[in-house]
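These are the residues of each chain, in order.
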Amino acid sequence: MNNHTTISTEVTTDGMQQGIAAIPAERKASLLSGQNFWETEPIEELNLPAVTLADGTYGLRHQSGSHDHLAMYDSDPATCFPPGVAIGSSWDPKVAARLGSAIGKEALAQGVHIVLGPGINIKRSPLCGRNFEYYSEDPFLTGALGVAFTRGLQNEGPGVSIKHFAANNQETNRQTISADVDERTLREIYLPAFERVVTEAQPATVMASYNKINGVFAAANPWLLTGLLRDEWGFEGVVVSDWNAVTDRVESLRAGLDLEMPGGSAGHDEDVRAALRSGELQGSDLDATVARLAGLVKYIPAAPTAANYEIHHQIARELAADCAVLLKNDSQTLPLRHGTRLAVLGEFAEKLRYQGGGSAHVNATQVDQPIDAITVLAADRGVSVTYAQGFAIDGAEDLEMLDEARDAARECDVAVIFAGLDERAESEGIDRENLDLPANQVELIRAVAATAPRTVVVLSNGGVVSLEGWHDDVDAILEAFLLGQGGGHAIADILFGVTNPSGHLAESIPLRLNDHPSSLNFPGERGHVRYGEGVMVGYRYFTTFDAPVRYPFGHGLTYTTFTSSAPHVAVSANEGITVSLEVTNTGDLAGKHLVQVYVATESGPVRRPARELRGFSKVYLEPGETSTVSIDLPRRAFAYWDIQYGRWVVSPGDYRIQICQDAATVLHEEQISLVGERVFAELTMDTPLGEWFEHPQVGAEVFDALGLTGVDVSPEHLAMMSSMTMTQFIHISGLPVEAEILNRLMRDSRPA
Ligand code: BGC
């Protein structure tokens, strides 16, 4: 069955339907879970082979030999590209598309048909152990990168699985926790990235997450998997469970979950067969699911093709170069100058931390170490290099190492410290408890900064770390996050100015963990985590409440300077807009400039964040070059989710289009007014009087209906009554009421 040439591409939809209907019901049940850990069941009746799945948010983890989860780090060698945290910081869909395409090519070479990535969950808390796999705290940025990755990968032939759907924003109790989150927050923050990838890139599969949403398992949630995903967004592919996420197979099937993984002995096919025998399910109930599973064969190539892992290593380096974020660079400490006496300190310089732990872990084909790349570049530039280990990665205090590093710092012009988090500190399945760097590293940084003329810190970490306690002591900080197997090379290029850094933060770096909006409710208690901050996630909170951060979302420096003009804003007939502005590289080095467009408004009946990212574009400019950037914002960019109407609403009013340097710094602002639509809730006897008085279809008539016409009611009295429901008012006022008028007004208030 694995001979690719036997696949019939001639199966018509009708023919397929008849073929599926003819399969015995109990046999259909056995198709609903994989045949083992990584493969679906072949559908011999339709002459369709098994489909192979493998992990791959930033590189393949294909276990061709061992079909289980235990040999997690024993996968076939593949290129470890920059993980999600880095791709998020690139702010560049071209980077995400190249990543997708390269992983797609390796999938073709390794016989993988569905790649389990990208991970597009929102970074609700900086403590989430899988933040290294995810892109951002912002849904717009996440969605744009997710679409690019998906298109890039699926253009090569294989399919993707966007994951983990949905509201899977922590690892603590991830298999049982209920994310208790209101619908507006879901719609505006946690779902839009999934919505965009589904509607714009039709991923082959969507992976249902482990957690519950408001008490219902995502993998058994009909609202999520059918109402939203298929009926509203038009998803046509397969819904696959996260590995082991199905608890009640029949319930999941009814909710819209097609494929349970893994299968083999771990599957629940027997439960489906029992439901068929009892009559709870009919054979035909399984047909649509089997048809969708059969449809996965289109991701199997006619013939496998080889991948060039050497070229992919080069791509890994190039992608990494776009991702590192220069946070601080006082007195132009970087790039390093010719003839510098350099001290390289910290074990990560020779054993770079470049990826995260868990199911995303890639068995890299090769790894560039920073110290090697630094040595090569230094030789050409008359730079001398001394190296000292500086600290023990396991966190143990070692005074000898500290002294050695201090000695090296004394003899140098610039000390570059490679600090960061150990792989054990952050991984799938575990959330961090704090944002701290290990104490022995902080001690080293402070000791070196007090000794060396200039100190640079290069950080390697998957989730953000606190910079407090040493930030002001050092001259420059390069937040490299995790850059994949080409990271060592990319970091050296940035240090020496071969590459001009262009990454920007895709998440805020708080001053203290307790300042973060998620802190009150993370990781939850008694089986529930309450998303109490609502839509005020990440920078939305910090900017709305003017709460200081160490570095805001969107921050990132380069070695050159850019200016941008005031924007020109054109509003289209359907109230989308086009923002155009000119950006110029006013410095001496070529570089990439990030244009960030936010929308700010106070209009409408719900509290809006101070500003929200609605567009961005990264442009490459030679020194002195000017370029015009145009960014389209659809009408949706101005909408909020109205829980009473159950849809997106653009309120009439003023909207400020802000060109920002980062989420906290507005460079230019243009105001527009939108006609939008006024929405009013349907009136009932339980509607408070205040809403009756304000309703446009009601006006003064309500006073007649209540017998209040001509009665002298003071404004204070009116205000006092306004929260009383109509029923309560009638009950207490004793006034004669025109029931007929009230009934008509209620009828008229119903939405068309
Ligand atoms: C992870 C998924 C992964 C799956 C298969 C699960 O534990 O949550 O992201 O795709 O395992 O390895």
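Residues numbered from 1 in each chain as written. Predicted model: local features only at pLDDT ≥ 70, side-chain atom pairs only at ≥ 80, totals over all residues. Heavy atoms only, no water.

Remarks on the overall build of the protein chain
Here's step 1: For the protein chain, the helix and strand inventory stands at 22 helices and 27 strands.
Here's step 2: For a compact globule of 752 residues, the expected C-alpha radius of gyration is about 27 Å, and the protein chain comes in at 29 Å, within 12% of that figure.
Here's step 3: C-alpha atoms of the protein chain, sized along the principal axes, occupy 95 × 70 × 50 Å.
Here's step 4: Here the protein chain holds 752 residues, and the buried ones make up 60% of them.
Here's step 5: Carbon and sulfur atoms provide 49% of the accessible area of the protein chain, an area that totals close to 28000 Å².
Here's step 6: Averaging the locations of the 55 positively and 100 negatively charged side chains of the protein chain gives two centres separated by 1 Å. (Helix = DSSP H or I, 4+ residues; strand = E, 2+ residues; numbered from the N terminus. Rg over C-alpha atoms; globule rule 2.2 N^0.38 Å. Buried < 20%, exposed > 50% of the residue type's maximum accessible area, 1.4 Å probe, protein only. Areas by Shrake-Rupley, 256 points an atom, 1.4 Å probe, with all protein chains shown as cover. Lys, Arg positive; Asp, Glu negative; His and termini not counted. Charge placed at Lys NZ, Arg CZ, Asp CG, Glu CD.)

What about the site of the ligand?
Here's step 1: In the region of the ligand, 15 residues are neighbours, and Asp55, Arg130, His164, Asp242 and Glu428 sit closest.
Here's step 2: In this structure, Tyr210 approaches the ligand through a side-chain N or O atom, which is 3.0 Å from an oxygen atom.
Here's step 3: Measuring from an oxygen atom of the ligand, one finds a side-chain N or O atom of Asp242 at 2.7 Å.
Here's step 4: In isolation the ligand has 310 Å² of accessible area, and contact with the protein removes 99% of it. (Near = heavy atom within 4 Å. Polar contact = N/O pair within 3.5 Å; in protein donor to acceptor, adjacent residues only side chain to side chain.)

Notes on helix α8 (residues 222-232)
Here's step 1: Along α8, the residues that are buried comprise Leu224, Leu225, Leu228, Leu229 and Arg230. Projection of α8 onto a plane perpendicular to its axis shows the buried side chains occupying an angular sector of 160°, all on one side.
Here's step 2: Taking the backbone nitrogen of Trp223 as reference, a side-chain oxygen 3.2 Å away marks Asn221 as the first, capping residue of α8. (Arc of directions from axis to C-beta.)

A short note on the nonpolar core
Here's step 1: One finds Phe165, Trp243, Phe418, Trp470 and Leu495 to be the most contacted residues of the largest nonpolar core, which totals 191 residues.
Here's step 2: Broken down by element, the residue count for this core peaks at 7 residues, all from helix α5 (residues 139-154).
Here's step 3: The next biggest cluster of nonpolar side chains, apart from the first, holds 23 residues, and it includes Val569, Val597, Ala639 and Ile672. (Core = buried A, V, L, I, M, F, W, Y, C linked by side-chain atoms within 4.5 Å.)

Remarks on the domain arrangement of the protein chain
Reports often express the size of an interface as the amount of accessible area lost when the parts come together.
Here's step 1: Assigned domains of the protein chain: these are domain 1 (50-263), domain 2 (309-551), domain 3 (562-674) and domain 4 (689-748).
Here's step 2: A straight line from the C-alpha centre of domain 1 to that of domain 2 covers 27 Å.
Here's step 3: Residue-level contacts link 69 residues of domain 1 with 67 residues of domain 2.
Here's step 4: Note on domain 1 versus domain 2: buried area summed over both sides is about 5600 Å², and carbon and sulfur give 58% of it.
Here's step 5: Summed over the three residues of domain 1 that lose the most area to domain 2, namely Arg124, Leu127 and Glu137, the buried surface amounts to 15% of that side.
Here's step 6: Here domain 1 is connected to domain 2 by 6 salt bridges.
Here's step 7: Between Arg130 and Glu428 there is a salt bridge, with its nearest N and O atoms 3.4 Å apart.
Here's step 8: Secondary-structure elements contributing two or more residues to the side of domain 1 that touches domain 2 are α3 (84-90), α4 (93-110), α5, β4 (178-180) and α6 (183-190).
Here's step 9: Ranked by the residues each element gives to the side of domain 1 that touches domain 2, the list is headed by α4, at 8 residues.
Here's step 10: When grouped by side-chain class, the residues that make up the side of domain 1 that touches domain 2 number 32 nonpolar, 19 polar and 18 charged. (Domains from an automatic or database assignment. Contact = heavy atoms within 4.5 Å. Buried area = accessible area lost by both parts, 1.4 Å probe. Salt bridge = Lys/Arg side-chain N within 4 Å of Asp/Glu carboxyl O. Nonpolar A, V, L, I, M, F, W, Y, C, P; charged D, E, K, R; others polar.)

Looking at a negative patch on the surface
Here's step 1: A surface patch of negative charge is lined by Glu397, Asp398, Glu400, Glu404 and Glu443.
Here's step 2: For Asp398, the position within the fold is in the loop between β11 (384-388) and α14 (399-410). (Patch = residues over 30% accessible without salt bridge, like charges linked within 9 Å, V, L, I, M, F, W, Y side chains within 5 Å.)

Considerations on the sheet that holds strand β22 (residues 612-621)
Here's step 1: Strands sit in the order β22-β21-β26-β27 across an open sheet of 4 strands; the sheet is antiparallel. Bordering the open sheet on either side are β22 and β27 (665-674), each of which pairs with just one other strand. Pairwise comparison of adjacent strand axes, ignoring direction, gives a mean angle of 20° for this sheet.
Here's step 2: Two strands pair when backbone bridges link them, and strand β21 (residues 591-600) and strand β26 (residues 653-662) are joined in this way by 5 bridges, in the antiparallel orientation. Residue pairing across strands places Ala600 opposite Arg656, the latter belonging to β26. (Pairing = 2+ DSSP bridges. Axes fitted to C-alpha atoms, helices over the stretch in contact; angles between N-to-C directions.)

A closer look at the packing of α5 against helix α7 (residues 192-201)
Here's step 1: Where α5 contacts α7, the axes come no closer than 8 Å and their chain directions differ by 35°. Like other packed secondary-structure pairs, α5 and α7 cross with a definite hand, here right-handed. Between α5 and α7, the contacting residues are Pro139, Phe140, Thr142, Gly143, Ala144, Gly146, Val147, Thr150, Arg151 and Gln154 on the first element and Pro192, Ala193, Arg196, Val197, Glu200 and Ala201 on the second.
Here's step 2: In the contact of α5 with α7, the residues fall into 8 nonpolar, 5 polar and 3 charged. (Left-handed = near helix turned anticlockwise from the far one by under 90°.)

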